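Architecture and fold: a report
Residue strings, one per chain:
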Amino acid sequence: MKISDSIVYIGVFDRDLDLFEGQYQVPGVSYNSYIILDEKTAVMDTVDGRKTGEWLANAEAVLNGKAPDYLVISHLEPDHSGSIQAIADKYPEMKLVMTAKAQAMLPQFTDAALAARVQAVKENDTLTLGAHTLKFMTAPMVHWPEVMLSYEISEKALFSADAFGTFGNPEDGLWLPEARRYYFNIVGKYGAPVQTLLKKAAALDIAVIRPLHGPALNENLGFYLDKYKVWSSYAPEEAGVLVAFGSLHGNTGKAARLAAEMIGKRGVKVTVVDLARDDMSFALAEAFKYDRLLLACSTYDGNFFPKMEDFLLHLKAKAFQKRKAALIENGSWAPMAAKGMKAYLEQMKDISICENTVTIKSTLKEENEGQIAALVDELLA
Ligand SMILES: Cc1cc2nc3c(=O)[nH]c(=O)nc-3n(C[C@H](O)[C@H](O)[C@H](O)COP(=O)(O)O)c2cc1C
Ligand SMILES: [Fe+2]
Ligand SMILES: [Fe+2]
């Protein structure tokens, strides 16, 4: 993938990574990296250690015998720092450009000796390569504290670190569903720092955004910036309901699907997730997408189905807020699931819980159907 005559893509696509950050299923993920060719040559970030060989070969082909002058490091998480040591060993004269915070963290990821080669930069510092000039912008907590973005002035290119990233192959150009899933699971907790970053970005004339994962974005940038504005404010993106259920023997699942059918018949968008079978990251992203949530869960050992508890823990950790919720519980002798779920929802900001709660005793009876209809009414009111 050639980006411009002088900014050349050398990233790699990792198609067989089983779990990103040790927990999220992905259709592969790219680790993006570029070389800026000018009087001085800069490599923009490295890649996960799983792909060091392929990436170094890409770099060599572009460098054509030259040694790079700089390695610009925007983020030290292993998916980007995993090949720093290898390229630094290969090109011993190359300087490493990063924030002071990154400099302090660098020895956690490389040999201590690399610290001597760091050129630390701060907000608004520039690095002139020739016709190209990089201007640096710190972005603490988008996604780690040491993060910085680089804006290349002549081509109006924003190297945006993990921001605006997405799972999947950069070649396929698909962005929204995987970018949403990526945002809420990876960056989601840090809404306020993302808002700060968006304010800085608003002052720039941007022609292309180059995130560390997924496709470069070079048209209709307002669309992407608007999505980030909404997501980072924790506001729902659209009206609709995520129905999430945890069911031991299937009856609670049946109730959840019935509720979803009723919601769909009312012309409201609805997604159903089975928390034992669907990947947590999809459930989380759908919860954030919609303005309403319906939770249906079996009672389990005086508490509630652990997959549901895990889901609520994830929602809480990602600062889920500003939503309306409804509860369905099931139990054979002492139903407790609604109480347990409510206790979690009450720890989140600005969640309004429907007055109605449906309690099913083991199997779905006719009377439950009317109760579910009433609950749906209240949820959609
Ligand atoms: C391991 C286990 C623990 C359970 N603990 C409780 C309990 O503490 N209280 C209760 O009322 N029902 C309990 N149940 C019964 C389930 O809550 C009941 O079977 C379930 O809610 C039915 O819905 P489902 O078919 O969707 O799983 C338990 C069931 C299992 C398998
Ligand atoms: Fe990251
Ligand atoms: Fe990343």
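Everything here concerns the structure above.
Below, the structure is looked at part by part. Everything numeric here is computed off the predicted structure, so don't read it as measured data. (Residues numbered from 1 in each chain as written. Chains lettered and ligands numbered in written order. Predicted model: local features only at pLDDT ≥ 70, side-chain atom pairs only at ≥ 80, totals over all residues. Heavy atoms only, no water.)

**Section: the state of the cysteines**
The following threshold applies: Sulfur atoms of two cysteines make up a disulfide when they are within 2.5 Å.
Using the criterion set out here, one finds zero disulfides in the structure. In this structure cysteine 297 is a free cysteine whose sulfur lies 17 Å from that of cysteine 354, the closest cysteine sulfur available.

**Thoughts on the environment of valine 272**
The cut-off we apply is this: Each helix is a run of H or I in the DSSP string that is no shorter than four residues. Each strand is a run of E no shorter than two, and both are numbered from the N terminus. Contacts are residue-level and defined by heavy atoms, with any inter-residue pair within 4.5 Å sufficient.
With respect to the element layout, valine 272 can be found in strand β17 (residues 270-274). Each C-alpha atom of the pair valine 272 and leucine 217 lies 31 Å from the other, and the pair is 55 residues apart in sequence. Ignoring anything within four residues of it in the chain, the contact list for valine 272 reads Val243, Phe245, Arg257, Ala260 and Asp278.

**Comments concerning helix α10 (residues 306-317)**
Keep this limit in mind: Expected span of a helix, by definition, is 1.5 Å for each gap between consecutive residues, and there is one gap fewer than residues. We call a residue buried when its accessible area falls under 20% of the maximum for its residue type, exposed when it is over 50%, and partly exposed in between, using a 1.4 Å probe and counting protein chains only. What the arc describes is the spread of directions from the helix axis to the C-beta atoms.
Between its terminal C-alpha atoms α10 stretches 16 Å, which fits the 16 Å expected from 12 residues at 1.5 Å a residue. Residues of α10 that are buried include every one of Met308, Phe311, Leu312, His314 and Leu315, and no others. Around the axis of α10, the buried residues are gathered within 160° of arc, so they sit on the same side. On its buried side, α10 packs onto β4 (24-25), β16 (238-246), α9 (280-289), β18 (290-300), β19 (303-304) and α11 (337-345). Note on α10: the residue one or two positions beyond its end, alanine 319, has a positive phi of about 60°.

**Re the site of ligand 1**
Under the convention used in this document: One heavy atom suffices: a residue is near a molecule or strand as soon as one of its heavy atoms comes within 4 Å of it. The term polar contact refers here to a pair of N or O atoms within 3.5 Å; inside protein, the definition further demands a hydrogen-donor-capable atom paired with an acceptor-capable atom, and it admits residues adjacent in sequence only when both atoms are side-chain atoms. Residue-level accessible areas treat just the shown protein chains as cover; the underlying method is Shrake-Rupley with a 1.4 Å probe. Only protein atoms enter the calculation, which uses a 1 Å grid: trapped sets of points that fit a 1.4 Å probe without letting it out are cavities, open sets showing protein on both sides within 12 Å along at least five of seven lines are pockets, and any residue with an atom within 4 Å of a point is a lining residue. Molecules are considered to sit inside a cavity or pocket once more than half of their atoms lie within 2 Å of its grid points. Basically, the charged four are Asp, Glu, Lys and Arg, the nonpolar ten are Ala, Val, Leu, Ile, Met, Phe, Trp, Tyr, Cys and Pro, and anything else, Gly included, counts as polar.
Close contacts around ligand 1 come from 18 residues, with Ser247, His249, Thr252, Thr299 and Gly302 the closest. The contact in question runs from an oxygen atom of ligand 1 to an N or O atom on the side chain of asparagine 251, over 2.9 Å. The contact in question runs from an oxygen atom of ligand 1 to an N or O atom on the backbone of threonine 299, over 2.6 Å. In the complex, 85% of the free accessible area of ligand 1, which totals 630 Å², lies under the protein chains. Judged by the fraction of its atoms near the pocket grid, ligand 1 is located in the largest pocket. Sorting elements by how many residues they give to the shell around ligand 1 places β18 first, with three residues. Taken together, the residues of the shell around ligand 1 break down into five nonpolar, 12 polar and one charged.

**Some words on the pattern of salt bridges**
To keep it simple, the criterion reads: The rule for a salt bridge is simple: a side-chain nitrogen of Lys or Arg has to be within 4 Å of a carboxyl oxygen of Asp or Glu.
Under the defined criterion, the tally for this structure stands at 17 salt bridges. Note that glutamate 60 is salt-bridged to lysine 90, the shortest N-O span being 2.5 Å. One end of the pair, glutamate 60, is in helix α1 (residues 52-63); the other, lysine 90, is in helix α3 (residues 84-90), with 30 residues separating them in the sequence. By relative accessible area, which is 34% here, lysine 90 ends up partly exposed. Close ionic contact of arginine 292 with aspartate 291 constitutes a salt bridge, the shortest N to O distance being 3.3 Å. Several salt bridges converge on common partners, so that one network encompasses Asp14, Asp16 and Arg50.

**What about the packing of aromatic side chains?**
Stated precisely, the cut-off is as follows: Stacked, edge-to-face and tilted labels apply to pairs of Phe, Tyr and Trp rings (six-membered ring for Trp) whose centres lie within 6.5 Å, assigned for plane angles under 30 degrees, over 60, and everything in between, in that order.
Scanning the entire structure with this criterion turns up 19 aromatic pairs. Taking the centre distance of 6.4 Å and the plane angle of 65° together, the rings of tryptophan 175 and phenylalanine 223 count as edge-to-face. Remark: phenylalanine 223 occurs in helix α7 (residues 221-232) and tryptophan 175 occurs in the loop between β14 (157-159) and α5 (176-187); sequence separation between them is 48 residues. Residue classification places tryptophan 175 among the buried positions, given a relative accessible area of 4%.

**Remarks on the coordination of the iron ion (ligand 3)**
Rule in force here: Here the term donor refers to an N, O or S atom within 2.8 Å of the metal (or 3.2 Å for Na, K and Ca), and because water is left out of the atoms, sites may appear incomplete. For four-coordinate sites, all angles between 85 and 135 degrees define a tetrahedron; for four- and six-coordinate sites, opposite donors beyond 155 degrees with the remaining angles between 65 and 115 define square planar and octahedral shapes respectively, and all other cases count as irregular.
Around the iron ion (ligand 3), the protein contributes the donor atoms Asp79 (OD), His80 (NE2), Asp162 (OD) and His213 (NE2), at 2.1 to 2.3 Å from the metal centre. Geometry at the iron ion (ligand 3) is irregular, judged from the four donor atoms that bind it and their angles of 86 to 177° at the metal. Positions of the donor residues of the iron ion (ligand 3) along the chain correspond to the pattern D-H-x81-D-x50-H. Separation of the iron ion (ligand 3) from the iron ion (ligand 2) amounts to 3.5 Å, with aspartate 162 serving as a shared donor to the pair. Here aspartate 162 lies in the loop between β14 and α5 and histidine 80 lies in helix α2 (residues 78-81), a separation of 82 residues in the sequence. Both residues of the pair, histidine 80 and aspartate 162, belong to the buried class.

**Details of the coordination of the iron ion (ligand 2)**
At this site the iron ion (ligand 2) is bound by His75 (NE2), Glu77 (OE), His143 (ND1) and Asp162 (OD), with donor distances of 1.9 to 2.3 Å. Taken together, the four donor atoms coordinating the iron ion (ligand 2) and their angles of 86 to 169° define a geometry best described as irregular. Ordering the donors of the iron ion (ligand 2) by residue number gives the pattern H-x1-E-x65-H-x18-D.

**Quick notes on the sheet that holds strand β9 (residues 95-99)**
As a reminder of what qualifies: Criterion used throughout: strands pair if DSSP finds at least two bridges between them. Axes here refer to lines fitted to C-alpha atoms; in helices the fit is confined to the stretch in contact. Angles between the N-to-C directions go from 0 to 180 degrees.
One open sheet accounts for six strands, arranged β1-β6-β7-β8-β9-β10; its pairing is mixed. Because the sheet does not close on itself, it has two edges, and the strands there are β1 (7-9) and β10 (118-121). Within the sheet, the average angular offset between the axes of one strand and its neighbour, ignoring direction, is 25°. One ladder, built from three bridges, connects strand β7 (residues 42-44) with strand β8 (residues 70-72); its direction is parallel.

In short, geometric facts, not functional conclusions.
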